[in-house]
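Residue-level structural notes
In case you want the letters, here they are:
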Amino acid sequence: MTRRLASPRAAGLVVGIGGLAYISTVTQRSSLGVAALDAANRFQTNAEQLALLAVAQLFIYALMQIPVGLLLDRFGARATLAFGAAAMALGQVLVAFATELGVAVTGRIFVGLGDAFTFISMIRLVNGWYSGKTASQLQQWLGNGGQVGQLISAFPFAWYLHLAGWQSAFLAAAGVSVFCAAAAWFVVQDSPNPEAAHTKKLAIGVAVQNLRESMVLPSTRMAFWTHFTLQSSSTTLLLLWGIPFLVEGEGLERPLALGVLSSFVFVGVACGFFYGFVSGHRPHWRKGTLFGLVLAMTLGWAVVLLWPGPAPLWALLFLAGTVGAAGPASMIAFDYTKEFVPTYRLGSTNGFVNIGGFFATFTMMFIVGLLLDSYYVLVGQPNGQTLYGLDGFRIALTSIPVIVWFGTWRYLINEGRTFAAR
C-alpha cells in the first residue's frame, strides 16, 4: 500500500526543487552538444580533441558516482544538491571565459563534478518524501521530465549562443545553476521526519561497507547493465556527436538537425508514462521492455548507416525515435535497486548503478572520435573527404550498437542470476 509521507504542498515543493535542479543539470550537461561545432572552431580541435572535451566531463561524472553516493548517505540530499549546482556554475563560468582547450576541459570537469551530485540526490528526495508505487512513478516521471533540459539547450540556449556569443550564453547557464544552488540550500529538507531510519546520516565507513554488500548482488549488477544499455546511445548523440553527424555527415540544416535531436525529448516524455506504469504496476514487463528497445535501436542504426548516401528524413526520425525511447527507460535500473536494496543505502548503490550509462557514453564518445580521426587520416584525407564526412561516420557510429549489445549480454547474465536466487 502506498503511503504519502507528508502534506502535498511540502512534498511537492521539495521534490519540485529537486526536479528543477535536475532540469538545470541536463541543460548544463547538454549545452556543449549544441555548441560542438562552435567549440571546434573556437578551440581549433580535431575530432579526438573535441571528444576529449565531452569525455572529460563524463569521466569525472562516472568517477564521482560512488564517492557522491557515499557523501549522499553521509550528509543528505540537501547538501549534495546545493553543492552540485554550485560546482556546475563554476564550471560554466570557466567555459565562458576559456580561449584555450585546456581551460574549457577544466570547466567541463567541474560541470561533470556538479552533475554527479544531482540525479541521485533527486532520487533520494523522492524516496525520502514518498514511498511505494508513488515513489516508483515519480522516479520515472522526474527522470524523464529532466530531459526538458535538452530542449532548453537545443533552443533557448542555442538561440542565445548565436545571438549574444559564447561568453554570454555560458554565463547565463551559470546563473541558472546559482539559483538552483540557493533554492536547494535554503528550501530543501531531506525528509519530513529527520529521525526516520532511512534519513539518518551514516558514517563513511558504514556507507562503504553497505556499498560493498550491494555491489556483490547480481540484482545491483543487473541494474548497472540496464543503465549501461539503455541510457548511453541518446546521451552520446545529444552531448556531442548528434549535431556533427546530422549537419556535416547527413547534410541537414542546423535548425532541422536540432529539431531531430529535440524529438528525443518528446518521445522520451511520451514513453515515460508507459515506463512509469511498468515500474509501478507491471514489473514483470521490465526485461521485455529492455530487449524490445535494444532490437528497435539496432534496426534504427542499421537503416541509417546502411542507407546508400544520406539517409532520408524519415529514417533519421525513426532512429531518433528508437534511441529517444530507450534513454528514459534506463530509469528502470533505479526501480530494480529500489526493489532489492534498503532505502538507507540507496545513495551509494544508485551512485554505482548510475556509472553504467555514463561509462558506456564516454566509451562511445571516445571510440567514435578515434575512429573518425583514423578513417580521415587513412582514407578520407587522401581522397579529399572532410573530417566529419558521412563515410567516416558510417564506420565510427557502428561502435554504438556493438557496445549496446555487449551491455545487453551482461544484463541477461545478471538478470538470470537475480531471479534464479529468489
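Just above, that's the structure.
Model, not experiment: these values are computed from the prediction. (Residues numbered from 1 in each chain as written. Predicted model: local features only at pLDDT ≥ 70, side-chain atom pairs only at ≥ 80, totals over all residues. Heavy atoms only, no water.)

Further remarks concern the packing of helix α3 (residues 47-75) against helix α10 (residues 218-249). Taken N-terminus to C-terminus, the directions of α3 and α10 make an angle of 165°; their axes are 10 Å apart at the nearest point. Between α3 and α10, the angle is such that the two are roughly antiparallel. As α3 runs across α10, the sense of the crossing is right-handed. Contact residues: Ala47, Leu50, Ala51, Ala54 and Leu58 in α3; Leu239, Leu240 and Trp241 in α10. Here the residues of the contact of α3 with α10 are counted per class, giving eight nonpolar, no polar and no charged. (Axes fitted to C-alpha atoms, helices over the stretch in contact; angles between N-to-C directions. Helix = DSSP H or I, 4+ residues; strand = E, 2+ residues; numbered from the N terminus. Parallel < 35°, antiparallel > 145°, perpendicular 65-115°, else oblique. Left-handed = near helix turned anticlockwise from the far one by under 90°. Contact = heavy atoms within 4.5 Å. Nonpolar A, V, L, I, M, F, W, Y, C, P; charged D, E, K, R; others polar.)

Here the focus is the side chain of Thr80. Assignment of secondary structure puts Thr80 in helix α4 (residues 77-97). What makes Thr80 buried here is its relative accessible area of 4%. Within the structure, Thr80 has its side chain in polar contact with the backbone oxygen of Ala77 (distance 3.2 Å). In this structure Thr80 touches Leu71, Leu72, Phe117 and Ser121, once residues within four positions along its chain are discounted. (Buried < 20%, exposed > 50% of the residue type's maximum accessible area, 1.4 Å probe, protein only. Polar contact = N/O pair within 3.5 Å; in protein donor to acceptor, adjacent residues only side chain to side chain.)

By the definition in use, this model includes six salt bridges. Among the salt bridges present, the one from Asp38 reaches Arg254, with a minimum N-O distance of 3.3 Å. Of this pair, Asp38 sits in helix α2 (residues 36-43) while Arg254 sits in helix α11 (residues 254-281), placing them 216 residues apart in sequence. Given the relative accessible area of 22%, Asp38 is considered partly exposed. The partner of Arg286 in a salt bridge is Glu339, with the nearest N and O atoms 2.7 Å apart. Taken together, the residues Arg286 in helix α12 (residues 286-306) and Glu339 in helix α14 (residues 332-340) connect sequence positions 53 residues apart. Arg286 sits in the buried class, given a relative accessible area of 5%. Accessibility expressed as a relative area gives 36% for Glu339, which makes it partly exposed. Where salt bridges share partners, they join Arg286, Asp335 and Glu339 into one cluster. (Salt bridge = Lys/Arg side-chain N within 4 Å of Asp/Glu carboxyl O.)

In this section: the nonpolar core. What tends to happen in soluble globular proteins is that the nonpolar side chains get buried as a cluster. Membership of the largest hydrophobic core comes to 131 residues, with the highest contact counts inside it found for Phe119 and Trp241. Top element by residues in this core is α10. It accounts for 15 residues. When neighbours within four sequence positions are excluded, Trp241 is seen to be in contact with Ala47, Ala51, Thr236, Met365, Val368, Gly369, Leu372, Tyr388 and Phe393. (Core = buried A, V, L, I, M, F, W, Y, C linked by side-chain atoms within 4.5 Å.)

An ideal rise of 1.5 Å per residue puts 42 Å on 29 residues; helix α5 (residues 101-129) measures up with 43 Å between its terminal C-alpha atoms. Of all 29 residues that make up α5, 24 are buried, and the element is covered over most of its length. (Expected span 1.5 Å × (residues − 1).)

Turning to the packing of α5 against helix α15 (residues 346-380), a few remarks are in order. Packed helices, taken two at a time, are described by the angle between their axes plus the distance between the axes. For the pair α5 and α15, interaxial distance at closest approach is 10 Å and the crossing angle is 140°. In terms of their interaxial angle, α5 and α15 are classed as oblique. Helix-helix and strand crossings are classified by hand; for α5 and α15 the assignment is right-handed. Packed against α5, whose contacting residues are Phe119, Ile120, Ile123, Arg124 and Asn127, the element α15 presents Leu346, Gly347, Asn350, Gly351 and Asn354 at the interface. Across the contact of α5 with α15, the residue classes tally to four nonpolar, five polar and one charged.

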